[in-house]
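# Architecture and fold: a report
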Amino acid sequence: MFMQSPGQMQNPGQAQINMSVQQKAMYLTGRLVGISLRNGQGVSGVICGVQGGEVYVMQYLYASQFATFHYPFNQINDIMPYPACQ
């Protein structure tokens, strides 16, 4: 399946409708995303990688501190890329 690079996508959300959450995570590695969790919470950050059934996300904490968190795919409802500013 041919996938456009993130810079070429006209509407990133529309192009990813039929992708699984794991496919989205791999495709969006290195990009800023919002993640909706099955428990109703949401997180945002940059996807660092996918390994062992989990997605690793670099998140901002406070001041100048960042930390990598990992979320199992069975706890993720959806992953969406941040839209471009207009």
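A brief look at the structure comes next. (Residues numbered from 1 in each chain as written. Predicted model: local features only at pLDDT ≥ 70, side-chain atom pairs only at ≥ 80, totals over all residues. Heavy atoms only, no water.)

### Describing the overall build of the protein
On a plain count of helices and strands, the protein comes out with two helices and five strands. In sequence order, the protein lays out its α and β elements as α-α-β-β-β-β-β. A total of about 5,800 Å² of accessible surface is found on the protein, and carbon and sulfur atoms cover 52% of it. (Helix = DSSP H or I, 4+ residues; strand = E, 2+ residues; numbered from the N terminus. Areas by Shrake-Rupley, 256 points an atom, 1.4 Å probe, with all protein chains shown as cover.)

### Notes on a nonpolar patch on the surface
On the surface, Y60, L61, Y62, F66 and F69 cluster together to form a nonpolar patch covering roughly 550 Å² of accessible area. Of all the secondary-structure elements, those providing two or more residues to the nonpolar patch are β3 (54-62) and β4 (65-72). Broken down by element, the nonpolar patch gets its largest block of residues, three residues, from β3. Tracing the sequence through the fold places Y60 in strand β3. On the basis of relative accessible area, Y60 is assigned to the partly exposed category, the value being 49%. (Patch = residues over 30% accessible without salt bridge, like charges linked within 9 Å, V, L, I, M, F, W, Y side chains within 5 Å. Salt bridge = Lys/Arg side-chain N within 4 Å of Asp/Glu carboxyl O. Buried < 20%, exposed > 50% of the residue type's maximum accessible area, 1.4 Å probe, protein only.)

### Points about the nonpolar core
Judged by nonpolar contacts, the single largest core of 16 residues is most densely connected at I35, I47, V55, Y71, I76 and I79. Elements with a contribution of two residues or more to this core: α2 (21-27), β1 (32-37), β2 (42-51), β3 and β5 (76-81). Those residues in contact with I47, other than ones at most four positions away along the chain, are A25, L28, T29, G30, R31, V33, V55, Y56, V57 and I79. (Core = buried A, V, L, I, M, F, W, Y, C linked by side-chain atoms within 4.5 Å. Contact = heavy atoms within 4.5 Å.)

### Description of the pattern of salt bridges
Enumeration over the complete set of coordinates arrives at one salt bridge. One salt bridge connects K24 with D78, and the closest N-O pair in it is separated by 2.6 Å. With K24 in helix α2 and D78 in strand β5, this residue pair connects regions lying 54 residues apart in the sequence.

### Quick look at the sheet that holds β2
Pairing within the open sheet is antiparallel, and its five strands lie in the order β4-β3-β2-β1-β5. Strands at the two margins of the open sheet, each flanked by one partner only, are β4 and β5. Geometrically, the sheet is characterised by an average inter-axis angle of 45 degrees between neighbouring strands, direction not taken into account. As paired elements, β1 and β2 share five bridges and run antiparallel to each other. Paired with I35 across the two strands is V43, which belongs to β2. (Pairing = 2+ DSSP bridges. Axes fitted to C-alpha atoms, helices over the stretch in contact; angles between N-to-C directions.)

### Quick notes on the pairing of β3
Of the pairings in the sheet, the one linking β2 to β3 comprises five bridges and is antiparallel in character. Within the sheet, the bridge partner assigned to G49 lies in β3 and is Y56. The antiparallel pairing of β2 with β3 creates a hairpin that spans two residues between the two strands, and G52 there sits at a positive phi of about 60 degrees. Relative to β4, β3 is paired through eight bridges, and the arrangement is antiparallel. Note on β4: the bridge partner recorded for M58 is T68. Hairpin remark: β3 followed by β4, antiparallel, with two residues in the connecting loop; positive phi at A63, about 50 degrees.

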